[in-house]
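Take a look at the letters that make up each chain.
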Amino acid sequence: MSETGYEAKLPQPLMPGTRVAVLGAGKMGGILVQGFLKNNLLGQDQIAATVQHQDRATALSAQFGVTVTTDNRAAAAWADVILLGVKPVQVPGLMAQIKPALTAGKLLLSFAASVTTGAIEQAAGLDLGVVRAMPNTPAMISAGVTALCAGRFVSAEQMSIAQKIFATVGRTVVVDEKHMDAVTGLSGSGPAFLYIIIEALAEAGVNVGLPRDVATLLAAQTTLGSARMVLETGYHPALLKDQVTTPAGCTVDGILELEEGGLRVTLIKAVKRATMRARELASGK
Ligand SMILES: NC(=O)c1ccc[n+]([C@@H]2O[C@H](COP(=O)([O-])OP(=O)(O)OC[C@H]3O[C@@H](n4cnc5c(N)ncnc54)[C@H](OP(=O)(O)O)[C@@H]3O)[C@@H](O)[C@H]2O)c1
């Protein structure tokens, strides 16, 4: 017991004792490390990370208060759960580096687009639990969504660890691996598509005379509120759209413009193109 007794009330990590290494702590890996710490999934001494450049390792270490190095093998040897966060084309090289450090019972959790669990299992060279995940950047504010799929050797306990890890930064959904490239095209790339829509709505607000800050707030909060209506009411988006669209009102005039401009088809094509591109990434094309 301490003198004040306050230490006993400090929140305990949700995964006591588990050691997690994020190999390739770039944009997404950094978001995850920050999310794990902020949401108290892990303590600072339970996380290690690696990057390619020493100067970035030093800066990240200072930023997060965790050990960050360029030594993938040492980090993999130390960790129970190893997150693979390098670019898809860099995964084979990374796997070759860490292979000697892989032992039974470790969990490999890859969030690299396009790289299959089969490819990772083969590179590991032993029957290791592999989970493939596709998070998105709203994980930064714990509003992400991550799709997960299991490799051949994953136990139920390992799958639930993977879900717990990503649940700290948003929602999770388990899918068949055949859907992972489609997930990449929809929710992985989706934030970029939606930022363009929000930016365009805000620009439109400015065009009809609103101050830019007001227009941006209206556009973003309207997008957030509409998304929450879909999730929280469970109603089909078309039904919710109909509630806004009064006969001979202003909304239907706006919708006609959207249809003429092909917004709907353009978004469908954007997700299809991103999905097709996701299929190629691991091959380095
Ligand atoms: N960004 C997204 O929205 C998003 C969403 C879902 C999934 N992903 C996936 O996340 C992965 C990373 O994407 P990102 O956007 O975060 O890219 P990024 O910012 O370029 O991060 C890649 C990181 O890998 C590090 N790295 C490169 N080679 C390495 C090596 N041999 N050993 C250790 N670290 C190494 C880089 O180190 P340096 O910093 O020193 O260069 C960098 O920090 C990709 O596979 C991508 O498919 C990204």
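Criteria and cut-off values
Residues numbered from 1 in each chain as written. Predicted model: local features only at pLDDT ≥ 70, side-chain atom pairs only at ≥ 80, totals over all residues. Heavy atoms only, no water. Axes fitted to C-alpha atoms, helices over the stretch in contact; angles between N-to-C directions. Helix = DSSP H or I, 4+ residues; strand = E, 2+ residues; numbered from the N terminus. Parallel < 35°, antiparallel > 145°, perpendicular 65-115°, else oblique. Left-handed = near helix turned anticlockwise from the far one by under 90°. Contact = heavy atoms within 4.5 Å. Nonpolar A, V, L, I, M, F, W, Y, C, P; charged D, E, K, R; others polar. Pairing = 2+ DSSP bridges. 1 Å grid on protein atoms, 1.4 Å probe; cavity = no way out; pocket = protein on both sides within 12 Å on 5 of 7 lines; lining within 4 Å. Points joined across faces, edges and corners; volume = space filled by probe spheres on them. Expected span 1.5 Å × (residues − 1). Buried < 20%, exposed > 50% of the residue type's maximum accessible area, 1.4 Å probe, protein only. Arc of directions from axis to C-beta. Near = heavy atom within 4 Å. Polar contact = N/O pair within 3.5 Å; in protein donor to acceptor, adjacent residues only side chain to side chain. Areas by Shrake-Rupley, 256 points an atom, 1.4 Å probe, with all protein chains shown as cover. Sits in = over half its atoms within 2 Å of the grid points. Domains from an automatic or database assignment. Buried area = accessible area lost by both parts, 1.4 Å probe. Salt bridge = Lys/Arg side-chain N within 4 Å of Asp/Glu carboxyl O.

**Quick word on the packing of helix 8 (residues 190-207) against helix 9 (residues 212-233)**
For the pair helix 8 and helix 9, the least separation of the axes is 8 Å and the interaxial angle reads 140°. By the angle between their axes, helix 8 is oblique relative to helix 9. The two elements helix 8 and helix 9 meet at a crossing, and its hand is right-handed. For the pair helix 8 and helix 9, the contacting residues are I198, L201, A202, E203, G205 and V206 in the first and R212, A215, T216, A219, A220 and T223 in the second. Residue composition of the contact of helix 8 with helix 9, grouped by class: seven nonpolar, three polar and two charged.

**Focus on the sheet that holds strand 8 (residues 170-174)**
One open sheet holds the eight strands; their spatial order is 3-2-1-4-5-6-7-8, and the pairing between them is mixed. Edge strands, defined here as strands with exactly one partner in the open sheet, are strand 3 (67-69) and strand 8. Averaged over all neighbouring strand pairs, the angle between strand axes comes to 20°, with direction disregarded. Relative to strand 3, strand 2 (residues 47-50) is paired through three bridges, and the arrangement is parallel. Residue pairing in the sheet places T50 in a bridge with T69 of strand 3. Each of strand 1 (20-23), strand 4 (81-84) and strand 5 (107-110) touches helix 4 (residues 91-98); the most contacted strand, strand 4, lies at about 155° to it. With respect to the sheet, helix 5 (residues 117-124) is in contact with strand 4, strand 5, strand 6 (129-134) and strand 7 (144-150), its orientation differing from that of strand 6 by roughly 145°.

**Here we look at the layout of surface pockets**
Looking at the second largest pocket, its volume works out to about 1,100 Å³. Around the second largest pocket, the lining comprises 37 residues; the ones closest to its centre are M28, G85, V86, K87 and P88. Within the residue set of the lining of the second largest pocket, elements represented by two or more residues are helix 1 (27-38), helix 4, helix 7 (180-188), helix 8 and helix 12 (263-280). Of the residues that constitute the lining of the second largest pocket, the class distribution is 16 nonpolar, 17 polar and four charged.

**Some thoughts on helix 12**
Spacing of three or four residues puts side chains on the same side of an α-helix, whose turn is 3.6 residues. Here helix 12 spans 26 Å end to end across 18 residues, near enough to the 26 Å set by a 1.5 Å rise per residue. Of all the residues in helix 12, the buried ones are A274, T275 and A278. All buried residues of helix 12 project into a common sector of 100° when viewed along the axis, lining one side. Facing away from the buried side of helix 12 by more than 90 degrees, the exposed set consists of K269, K272, R273 and R279. Each element contacted by the buried residues of helix 12 is listed here: helix 7 and helix 8.

**Focus: the site of the ligand**
The immediate surroundings of the ligand are formed by 22 residues, with K27, M28, H53, R56 and V86 found nearest. A distance of 3.0 Å separates an oxygen atom of the ligand from a polar atom in the backbone of Q52. One of the side-chain N or O atoms of N72 is found 2.9 Å from a nitrogen atom in the ligand. Relative to its unbound accessible area of 900 Å², the ligand is 83% covered by the protein chains. Among the detected pockets, the ligand sits in the second largest pocket. A class-by-class count of the residues in the shell around the ligand yields 10 nonpolar, nine polar and three charged.

**Observations concerning the domain arrangement of the chain**
Along its sequence, the chain is organised into domain 1 (20-177) and domain 2 (188-282). Facing 11 residues of domain 1, the contacting portion of domain 2 comprises nine residues. Carbon and sulfur atoms supply 62% of the area that domain 1 and domain 2 bury against each other, a total of about 610 Å² over both sides. The tally of links from domain 1 across to domain 2 stands at zero salt bridges. Summed over the shared surface of domain 1 and domain 2, the number is one residue pair in polar contact (both at pLDDT 80 or more). By residue class, the composition of the side of domain 1 that touches domain 2 is seven nonpolar, three polar and one charged.

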